[in-house]
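Fold and contact review
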Amino acid sequence: MPLFTPCYIETYKAGLLEERIRQAQLYMESCCLCPRYCRVNRLQGEHGFCRTGQEIRVSGITPHFGEESPISGIRGSGTIFFVMCNLGCVFCQNYDISHLGGGNILSAEELADAMLLLQAKGCHNINFVTPTHVIAGILKALTFAVKKGLRIPLVWNCGGYESPEALALLDGIIDIYMPDFKFWHEEKALRYCYAAGYPQAARNAVKEMHRQTGDLKTDARGIAYRGILIRHLVMPDNAAGTEELVRWLSSELSPDTYINIMDQYRPCFKASQFPEINRKITAKEYADAVEWGKQSGLRID
Ligand code: SF4
């Protein structure tokens, strides 16, 4: 069990979780759960960009040892992979899960049991992967899980395309935010993720996540229990805008921002239709990105 009490325990004890669930359900009637603002009624079976109604569709539940060391720790991170996504990345490495559907539909009680199982296996946290469009179901499951004894922190492992409405629902629920910050330039976000306004939405989102939880904090074993950890994938030809992005993080978020500057880009899914990103990055492109991060003074994974 953690030495630090996750924030959702207090929120639950204060009786606020039920209100969050009610609000999330309301938001789904005219969906504003991400910056696409599809405004569809998901409770009536209408689908927006994420092609998800009110169901909780899961493709995998497992301890994961390949996350950043403060997240995976010694006994793994309890990952729960949700199907579909509110982003449309043409280079998605998990496109079978994020765009092609599949998986299993779980009830809120079953999702709660999955969390408890991961806790029983010794995982340091529950890691919700691509959870943005499923907030309502996750909150509902959390009430069952808390009643049954869930006591480990929750990680929100998302694409960075979060609306203020969604983040307000998560305030006092999520201890560790782990967003991608994919693109600095609007035209790149539109071209490669079909995400209008992504850079500004991501800037707003990480600021709010930081306001809620602060810089990443770890215990004596180096395992995270609160704060924000940002992931940034280096792209060919600096398409992600890494230099401007890390400078902004240092000056506008916090110089102590913990960032994983990732080198594993490879052309997947529809990337072959975009010749300029239809290759891996070079060693120099990655070295430049890390150097910019170091110059900005960020904590680099
Ligand atoms: S979560 Fe986002 S993409 Fe999905 S329906 Fe709501 S606004 Fe649209």
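Overview of the structure.

Rules used throughout
- Residues numbered from 1 in each chain as written.
- Predicted model: local features only at pLDDT ≥ 70, side-chain atom pairs only at ≥ 80, totals over all residues.
- Heavy atoms only, no water.
- Helix = DSSP H or I, 4+ residues; strand = E, 2+ residues; numbered from the N terminus.
- Rg over C-alpha atoms; globule rule 2.2 N^0.38 Å.
- Areas by Shrake-Rupley, 256 points an atom, 1.4 Å probe, with all protein chains shown as cover.
- Lys, Arg positive; Asp, Glu negative; His and termini not counted.
- Charge placed at Lys NZ, Arg CZ, Asp CG, Glu CD.
- Expected span 1.5 Å × (residues − 1).
- Contact = heavy atoms within 4.5 Å.
- Buried < 20%, exposed > 50% of the residue type's maximum accessible area, 1.4 Å probe, protein only.
- Near = heavy atom within 4 Å.
- 1 Å grid on protein atoms, 1.4 Å probe; cavity = no way out; pocket = protein on both sides within 12 Å on 5 of 7 lines; lining within 4 Å.
- Sits in = over half its atoms within 2 Å of the grid points.

On to the overall build of the protein, then. Along its length, the protein carries 11 helices and 10 strands. The C-alpha radius of gyration computed for the protein amounts to 18 Å, which stays within 12% of the reference 19 Å derived for 301 residues, consistent with globular compactness. The principal-axis extent of the C-alpha atoms belonging to the protein is close to 50 × 45 × 30 Å. Taken as a whole, the protein presents about 12,200 Å² of accessible surface, with 50% of it coming from carbon and sulfur. For the protein, the centre of its 32 positive side-chain charges and the centre of its 33 negative side-chain charges are spaced 3 Å apart.

A few words now on helix 9 (residues 198-213). The end-to-end C-alpha distance of helix 9 is 22 Å, a good match for the 22 Å that 16 residues give at a rise of 1.5 Å each. On the buried face of helix 9, the contacting elements are helix 7 (164-170), strand 6 (176-177), helix 8 (186-193), strand 7 (217-218), strand 8 (224-233) and helix 10 (242-253). Two residues or fewer past helix 9, Gly214 is found with a positive phi of approximately 80 degrees.

In this structure, Tyr37 takes a positive phi of about 45 degrees despite not being glycine. For Tyr37, the location among the structural elements is in the loop between helix 2 (17-28) and strand 1 (56-64). The backbone phi angle of Phe269 is positive, close to 55 degrees, even though this residue is not glycine. Along the chain, Phe269 turns up in the loop between strand 9 (258-262) and helix 11 (283-295). Take Phe269: its relative accessible area is 28%, and that puts it in the partly exposed class.

So, about the site of the ligand. Every residue near the ligand is listed here: Cys31, Cys34, Arg36, Tyr37, Cys38, Arg42, Gly48, Phe49, Cys50 and His133. Taking a 2 Å distance to the grid points as the criterion, the majority of the atoms of the ligand fall inside the largest cavity.

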